[in-house]
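Each chain, written out:
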Amino acid sequence: MGSIGFGTAATSTFAAPAAATVAVVEPAAEPVAGPADERPSVAEMRLPVWFFGFEGVLAGAFDLLRAAPSAWPALVVLAAVNIGVSLTLMRRRLKLAKLLWRGKGTRNVAFGLVGLRLGSHLVLGLLGTAVDTALGHVLFALVMGTVTVALLAYVQRTALGALVAAGKATA
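Residues numbered from 1 in each chain as written. Predicted model: local features only at pLDDT ≥ 70, side-chain atom pairs only at ≥ 80, totals over all residues. Heavy atoms only, no water.

**Examining the overall build of the protein chain**
For the protein chain, the count of helices and strands is eight helices and zero strands. Order of helices (α) and strands (β) in the protein chain, N terminus to C terminus: α-α-α-α-α-α-α-α. Within the protein chain, contacts between residues at least 6 apart in sequence are counted, and of these 79% link residues at least 24 apart. On the protein chain, roughly 11100 Å² of surface is accessible, and the fraction owed to carbon and sulfur atoms is 73%. (Helix = DSSP H or I, 4+ residues; strand = E, 2+ residues; numbered from the N terminus. Contact = heavy atoms within 4.5 Å. Areas by Shrake-Rupley, 256 points an atom, 1.4 Å probe, with all protein chains shown as cover.)

**Overview of helix α8 (residues 134–165)**
With 32 residues, α8 extends 46 Å between its outermost C-alpha atoms, agreeing within 8% with the 46 Å of an ideal straight helix rising 1.5 Å per residue. Following α8 by one or two positions, G167 has its phi on the positive side, about 80°. (Expected span 1.5 Å × (residues − 1).)

**Let's talk about a nonpolar patch on the surface**
On the surface, L135, V138, L139 and L142 cluster together into a nonpolar patch covering about 370 Å² of accessible area. Assignment of secondary structure puts V138 in helix α8. The exposure class of V138 is partly exposed, given its relative accessible area of 33%. (Patch = residues over 30% accessible without salt bridge, like charges linked within 9 Å, V, L, I, M, F, W, Y side chains within 5 Å. Salt bridge = Lys/Arg side-chain N within 4 Å of Asp/Glu carboxyl O. Buried < 20%, exposed > 50% of the residue type's maximum accessible area, 1.4 Å probe, protein only.)

**Structural notes on the confidence of the model for the protein chain**
Mean pLDDT for the protein chain: 76, with 78% of residues reaching 70 or above. Averaged pLDDT values over the elements of the protein chain bottom out at 42 in helix α1 (residues 2–37) and peak at 91 in helix α4 (residues 61–67). Counting interchain partners and residues more than four positions distant, the pLDDT-below-50 stretch residues 1–34 has zero contacts. (pLDDT = per-residue confidence, 0-100.)

**A short note on the packing of aromatic side chains**
Counted by the stated rule, this structure contains three aromatic pairs. Ring centres of W50 and F51 lie 6.3 Å apart, and the angle between their planes is 80°; this geometry places the pair in the edge-to-face category. Judged by centre distance (6.4 Å) and plane angle (70°), the ring pair of W50 and F54 falls under edge-to-face. Of this pair, W50 and F54 both sit in helix α3 (residues 49–59), four residues apart, which is roughly one turn of the helix. The buried category is assigned to F54, whose relative accessible area is 11%. Grouped by ring-pair contacts, the aromatic residues W50, F51 and F54 constitute a single cluster. (Phe/Tyr/Trp six-rings, centres within 6.5 Å; stacked < 30°, edge-to-face > 60°.)

**Details of the packing of helix α6 (residues 94–102) against α8**
One way to put it is that α6 packs onto α8 with a least axis distance of 10 Å and a crossing angle of 110°. Classified by the angle their axes make, α6 and α8 are roughly perpendicular. Along the contact surface, α6 presents L96, L99 and L100, while α8 presents V155, Q156, A159, L160 and L163. Looking at the contact of α6 with α8, its residues break down into seven nonpolar, one polar and no charged. (Axes fitted to C-alpha atoms, helices over the stretch in contact; angles between N-to-C directions. Parallel < 35°, antiparallel > 145°, perpendicular 65-115°, else oblique. Nonpolar A, V, L, I, M, F, W, Y, C, P; charged D, E, K, R; others polar.)

**A few points about the nonpolar core**
One finds M45, L47, F51, L96, L160 and L163 to be the most contacted residues of the largest nonpolar core, which totals 23 residues. When contributions to this core are tallied by element, the ones reaching two or more residues are α2 (42–45), α3, α6, α7 (104–126) and α8. In terms of residue count, the dominant contributor to this core is α8 (seven residues). (Core = buried A, V, L, I, M, F, W, Y, C linked by side-chain atoms within 4.5 Å.)

**Focus on α6**
Those residues of α6 that sit buried are L94, L96, A97 and L100. Around the axis of α6, the buried residues are gathered within 155° of arc, so they sit on the same side. Exposed and facing more than 90 degrees away from the buried side of α6 are K95 and R102. Residues of α6 that are buried sit in contact with α2, α5 (72–87), α7 and α8. (Arc of directions from axis to C-beta.)

Structure, rendered in structure tokens:
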């Protein structure tokens, strides 16, 4: 008989929380609108193209070192500056940077750049016009740096468009 009394109390207890649940659901809808207003805008998240210049120089580092082997300390300093700028000035934009580095498009860019470098050196070697001079290596580094910056800017634009389409950023 005690269980019947408990069942009756439970039934009446469940009736009250059900009404309270409806009341709780309505206030929960209001905070959802709050974070939607706090979504970052594309302008706030966009990495400036000059920032990709760091990656462009590092993409051409192999050829720069072939042209001037004594330039390695400058490249190490540039890598350190890149990390420092990333962690300080670009702190607000690190979320996008992390999304970019984890994204499939960025991996495709990285593999494409490696393929471009190896393939172009292979083709030039087969044609008998391998890059041997310092000027040739500097020009090759400039081409690799320019291609890197252009591709990273494209990947960023694509990623930001996807974030806006997913509702995670505002235009």
